[in-house]
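Structural features, examined
Single-letter residue listing:
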Amino acid sequence: MSKEWPLWEIFIRGQHGLSHRHVGSLHAPDSEMALKNARDVYTRRNEGVSIWVVESAKIAAFDPDTAEHNFAAPKSKVYRHPTFFEIPEDVGAM
Amino acid sequence: MYAQLVETGAAETSEKDREFQEKIDRGVRIEANDWMPEGYRKTLIRQISQHAHSEIVGQLPEGNWITRAPSLQRKAILLAKVQDEAGHGLYLYCAAETLGISRDEMTEQLLSGKAKYSSIFNYPTLTWADMGAVGWLVDGAAIMNQVPLQRCSYGPYSRAMIRVCKEESFHQRQGFDVMRQLCEGTEEQKAMAQDALNRWWWPSLMMFGPSDKDSVHSEQSMRWGIKQNTNDELRQKFVDQTVPQAEWLGLTVPDPELKWNEETGCYDFGEPDWSEFFEVIKGNGPCNKDRLAARNKAWDDGAWYRDGLTAHADKQNQQIAAE
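Residues numbered from 1 in each chain as written. Chains lettered and ligands numbered in written order. Predicted model: local features only at pLDDT ≥ 70, side-chain atom pairs only at ≥ 80, totals over all residues. Heavy atoms only, no water.

Details of the overall build of chain B
- Looking only at helices and strands, chain B features 13 helices and two strands.
- Relative to its length of 323 residues, chain B is compact, with a C-alpha radius of gyration of 21 Å against a globular reference of 20 Å.
- By sequence separation, contacts in chain B at least 24 residues apart represent 79% of the contacts at least 6 residues apart.
- Element-wise, carbon and sulfur atoms account for 52% of the exposed surface of chain B, whose accessible area totals about 15000 Å².
- Counting 36 positive and 49 negative side-chain charges, chain B places the averaged centre of each group 4 Å from the other. (Helix = DSSP H or I, 4+ residues; strand = E, 2+ residues; numbered from the N terminus. Rg over C-alpha atoms; globule rule 2.2 N^0.38 Å. Contact = heavy atoms within 4.5 Å. Areas by Shrake-Rupley, 256 points an atom, 1.4 Å probe, with all protein chains shown as cover. Lys, Arg positive; Asp, Glu negative; His and termini not counted. Charge placed at Lys NZ, Arg CZ, Asp CG, Glu CD.)

Things to note about the sheet that holds strand β1 (residues 7-13) of chain A
Residue and element names in this part refer to chain A.
- The antiparallel open sheet is built from three strands, whose spatial order is β2-β1-β3. Edge positions in the sheet fall to β2 (20-27) and β3 (50-55), since each of these pairs with one other strand and no more. Across the sheet, the mean angle from the axis of one strand to that of its neighbour is 25 degrees, orientation sign disregarded.
- Pairing geometry for β1 and β3, over six bridges, is antiparallel. Bridge assignment links Phe11 to a residue of β3, and that residue is Trp52. (Pairing = 2+ DSSP bridges. Axes fitted to C-alpha atoms, helices over the stretch in contact; angles between N-to-C directions.)

Topic: the pattern of salt bridges
- All told, the structure shown has 24 salt bridges over all chains when counted by the stated rule.
- A:Lys36 is the partner of A:Glu32 in a salt bridge, and the nearest nitrogen-oxygen pair spans 3.4 Å. Linking A:Glu32 with A:Lys36, this pair stays in helix α1 (residues 31-42), spanning four residues, or about one helical turn.
- On the basis of relative accessible area, A:Glu32 is assigned to the partly exposed category, the value being 43%.
- By relative accessible area, A:Lys36 is classed as partly exposed at 37%.
- Here B:Glu184 and B:Arg180 are joined by a salt bridge, their closest N and O atoms 3.2 Å apart.
- Among the charged side chains, a salt-bridge network with shared partners connects A:Arg44, A:Arg45, B:Asp84 and B:Glu167. (Salt bridge = Lys/Arg side-chain N within 4 Å of Asp/Glu carboxyl O. Buried < 20%, exposed > 50% of the residue type's maximum accessible area, 1.4 Å probe, protein only.)

Digging into the layout of surface pockets
- Within this model, the largest pocket holds a volume of roughly 1200 Å³.
- If you go around the largest pocket, you meet 33 residues; those closest to its centre are A:Glu9, A:His22, A:Val23, A:Gly24 and B:Arg159.
- Ranked by residues supplied to the lining of the largest pocket, first place goes to helix α7 (residues 155-183) of chain B with seven residues.
- Empty space within the second largest pocket amounts to approximately 1000 Å³.
- A:Trp5, B:Leu90, B:Arg103, B:Trp299 and B:Arg306 are the residues nearest the centre of the second largest pocket, which is lined by 31 residues in total. (1 Å grid on protein atoms, 1.4 Å probe; cavity = no way out; pocket = protein on both sides within 12 Å on 5 of 7 lines; lining within 4 Å. Points joined across faces, edges and corners; volume = space filled by probe spheres on them.)

Observations concerning a nonpolar patch on the surface
- On the surface, a nonpolar cluster with roughly 750 Å² of combined accessible area is contributed by A:Val78, A:Tyr79, A:Phe84, A:Phe85, A:Ile87, A:Val91 and A:Met94.
- Relative to the assigned elements, A:Val91 resides in the segment after α2 (67-70). (Patch = residues over 30% accessible without salt bridge, like charges linked within 9 Å, V, L, I, M, F, W, Y side chains within 5 Å.)

A word on the side chain of B:His51
All names here are of chain B.
- With respect to the helices and strands, His51 occurs in helix α2 (residues 38-57).
- Accessibility expressed as a relative area gives 1% for His51, which makes it buried.
- Only 2.9 Å separates the side chain of His51 from the side chain of Tyr157, close enough to count as a polar contact. (Polar contact = N/O pair within 3.5 Å; in protein donor to acceptor, adjacent residues only side chain to side chain.)

Some words on the environment of B:Ile56
- The topology assignment puts B:Ile56 in helix α2.
- As for B:Ile56 and B:Gln83, which are separated by 27 residues in sequence, their C-alpha atoms are 9.9 Å apart.

Comments concerning unusual backbone geometry
Residues and elements named next belong to chain A.
- At Asn46, a position not held by glycine, the phi torsion is positive, near 60 degrees.
- Here Asn46 lies in the loop between α1 and β3.
- Here Asn46 falls in the exposed class, since its relative accessible area comes to 75%.

Quick word on the interface of chain B and chain A
- Contact with chain B, which involves 26 residues of that partner, is made by 21 residues of chain A.
- Taking both partners together, chain B and chain A bury about 2000 Å²; carbon and sulfur atoms supply 53% of that area.
- Area buried by chain B at its contact with chain A is led by B:Asp104, B:Arg163 and B:Leu309, which between them contribute 23% of it.
- Taken together, the links from chain B to chain A amount to four salt bridges.
- The residue B:Glu167 makes a salt bridge to A:Arg45 at a minimum N-O spacing of 3.4 Å.
- At the surface where chain B touches chain A, the tally comes to nine residue pairs in polar contact (both at pLDDT 80 or more). (Buried area = accessible area lost by both parts, 1.4 Å probe.)

A closer look at the environment of B:Gln109
Residues and elements named next belong to chain B.
- Of note, Gln109 is situated in helix α5 (residues 103-112).
- Sequence separation between Gln109 and His53 is 56 residues, and the spatial gap between their C-alpha atoms is 9.6 Å.
- Ignoring anything within four residues of it in the chain, the contact list for Gln109 reads Ile101, Lys114 and Ala115.

Keep in mind these numbers describe shape, not what the thing actually does.
Take a look at the structure:
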């Protein structure tokens, strides 16, 4: 069996005005083929107006075991949400 | 189903395993890099890769009719459907790869005959009416199984299933439409539709796998949230949904024991020939050898093209590096 092609992560912009969203992955020898294959695999029913492909190996992520530690800080900072502050009704809309 | 007789092994009892089971019970989805028991990982690799192989091999019985479709429109529709199956195979291979098996390993397992795929694709498609019966019954049975799999505890598999289910309804409807057109045609055409139903009915019921009392791996799969319904539950649902459709078409389901049960509100039906099912699974179905030979030929014949693309990509990379 020959050398396996690298894995690419596929991001698609569904409509104008929306951001690209991860939809899946596929193998391809280079970015050009990854784009063409992504078009055939992920947009057969008008699912997109733009495609990004990124080699999976180039994506960095936190270890899921550290999630609790990584995302804990904001939990104690509830004042970052506007609903933390009470505005008297007679002040009006704010 | 598209994955039949998937072995699970038994669950371990360590602290981590217990925490994992609690997570499943709370309905938390498991993601690729999360800790998971080896049994869970292996079961999923077996199930998802088998499911993927089924999609890929499933292109063959229908591919058989692309060049012989009765009209240009039917040909275009069939092509689109077969292309979807390739896409479904890809989504699933990618989901399996997140569990640590490589695409090449899975391809190798399929081509060598080591991997299983659904028993249903080892039956021949003899007439155009089989395109109707396959879409209506086989894809109908697949939907029955895949809808609950959208809630599978493993995130990448569940997301692949959501994509697949969105596309699968077209497959079943176009099959029913082929049957309907034949049933509304000449006597001979209707007889063709009946013949196709006669041949595909029992193999379709076997797709759901052996009866619950003989399904040794179901229990663990259900505890892990991989499987949501038992084989018999899904088979019953399929029969209840499909029999009225057959009646609407004016076709007769080839089961003398089939009858409506007022008490249960379901159809009673006969037992599939399980010895036939196990023979097909073992590799002795009517088309097992043809299917594997066709996959191997496609892989070998495509080698020059894959190598060409790799060589081109290597050359581009060297040029970029040299600049």
